[in-house]
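Coordinate analysis (summary)
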Amino acid sequence: MNYLCLPFNELTCLQLYEILHLRSETFVLEQTCIYQDIDYKDIQDDVHHLMLYEHEKLIAYARLLPQGLSFNTSSIGRILLVQSMRGSGLGRKFIQECVDRTFLLWPKCDITIGAQSHLSRLYRTFGFTEVSKHYLEDGIMHVDMCISKNTAPSL
């Protein structure tokens, strides 16, 4: 398995295509959620795209964002793992990698995520706490959750 973490301008055309394909497959088709995935955040300065490849196939992805783009803190979004790998424990390892890399990129910032509500218990195991009421976004219940570097458990 191989991690890559790149800003938009360093992505190859094939990497970008794979990212957009996987995001569409997961969030639009699998979750039957029609929404505008391409939101111009991908191309902003200092946004990083974390990819996990197995045998040259993209199997996990997340978007790491600096403070001010989605929240007043840094943020992780579009977190996904291909359906065939779910339940293997790889998702937990990937989330931890997302958290670790986000703290490396922005060490003085907390991290906030807009988590799907049914995953809030999972994110709590990483040290995230709910900081908003649950809300409907694009037809799916979400909750904002935050983690501080000082309170993040070592997994």
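Description of the structure in this document. On a predicted model such as this, the values are computed, not experimentally measured, just so you know.

Regarding the pattern of salt bridges
Across all of its chains, the model carries nine salt bridges by this definition. Note that Arg124 is salt-bridged to Glu130, the shortest N-O span being 3.2 Å. Connected through salt bridges with shared partners, the residues Arg23, Asp37, Asp39, Asp42, Arg63 and Arg78 form a single ionic network.

Here we look at the state of the cysteines
With the rule as written, the count across this model stands at zero disulfides. Cys98 carries a free sulfur, and the closest cysteine sulfur to it, the one in Cys5, is 8.8 Å from it. Cys146 carries a free sulfur, and the closest cysteine sulfur to it, the one in Cys109, is 10 Å from it.

A few points about the pairing of strand 4 (residues 74-81)
Moving residue by residue along a regular strand, the side chains alternate between the two faces of the sheet. Counting buried positions over the eight residues of strand 4 gives seven, a clear majority of the element. Bridging between strand 4 and strand 5 (residues 111-116) involves two bridges; their strand directions are parallel. Across the sheet, residue Ser75 finds its bridge partner in strand 5, namely Thr112. In terms of handedness, the path from strand 4 via helix 2 (residues 90-105) over to strand 5 forms a crossover that is right-handed.

A closer look at helix 1 (residues 13-30)
Quick reminder: α-helices carry 3.6 residues per turn. Residues three or four places apart thus point the same way. Between the first and last C-alpha of helix 1 there are 24 Å, a value that for 18 residues agrees with the 26 Å anticipated at 1.5 Å per step. Where helix 1 is concerned, the buried positions are Gln15, Ile19, Leu22, Arg23, Thr26 and Phe27. Where helix 1 terminates, the next one or two residues include Thr32, which has phi positive at roughly 40°.

Notes on helix 2
Between its first and last C-alpha atoms helix 2 spans 22 Å; for 16 residues at 1.5 Å apiece the expected length is 22 Å, and the two agree. Of all the residues in helix 2, the buried ones are Leu90, Phe94, Ile95, Gln96, Glu97, Cys98, Val99, Thr102 and Phe103.

Here we look at the nonpolar core
If you look at the biggest cluster of nonpolar residues, it comprises 40 residues, and the most contacted ones within it are Met51, Ile76, Val99, Ile111, Ile113 and Phe128. Listing elements by their share of this core, those giving two or more residues are helix 1, strand 2 (48-54), strand 3 (57-65), strand 4, helix 2, strand 5 and strand 8 (140-147). If near-sequence neighbours (up to four positions away) are discounted, Phe128 is found in contact with Val99, Ile111, Ile113, Tyr123, Met145, Cys146 and Ile147.

Quick word on the packing of aromatic side chains
The relative placement of two aromatic rings is captured by the distance of their centres and the angle of their planes. Inspection of the entire model under this criterion finds two aromatic pairs. Taking the centre distance of 6.3 Å and the plane angle of 10° together, the rings of Tyr3 and Phe94 count as stacked. Placement of Tyr3 in strand 1 (residues 2-7) and of Phe94 in helix 2 is noted, with a sequence separation of 91 residues between them. Taking relative accessible area as the criterion, Tyr3 reaches 26% and is therefore assigned partly exposed. Relative to Phe128, the ring of Tyr123 has its centre 5.9 Å away and its plane inclined at 80°; by these criteria the two rings are edge-to-face.

What to know about the side chain of His142
With respect to the helices and strands, His142 occurs in strand 8. Setting aside residues up to four positions removed in sequence, His142 forms contacts with Gly114, Ala115, Gln116, Ser117, Lys133, His134, Tyr135 and Glu137.

The rules behind these values
Residues numbered from 1 in each chain as written. Predicted model: local features only at pLDDT ≥ 70, side-chain atom pairs only at ≥ 80, totals over all residues. Heavy atoms only, no water. Salt bridge = Lys/Arg side-chain N within 4 Å of Asp/Glu carboxyl O. Disulfide = S-S within 2.5 Å. Buried < 20%, exposed > 50% of the residue type's maximum accessible area, 1.4 Å probe, protein only. Helix = DSSP H or I, 4+ residues; strand = E, 2+ residues; numbered from the N terminus. Pairing = 2+ DSSP bridges. Right-handed = clockwise from strand over helix to strand, strands pointing away. Expected span 1.5 Å × (residues − 1). Core = buried A, V, L, I, M, F, W, Y, C linked by side-chain atoms within 4.5 Å. Contact = heavy atoms within 4.5 Å. Phe/Tyr/Trp six-rings, centres within 6.5 Å; stacked < 30°, edge-to-face > 60°.

Purely geometric numbers; function is a separate question.
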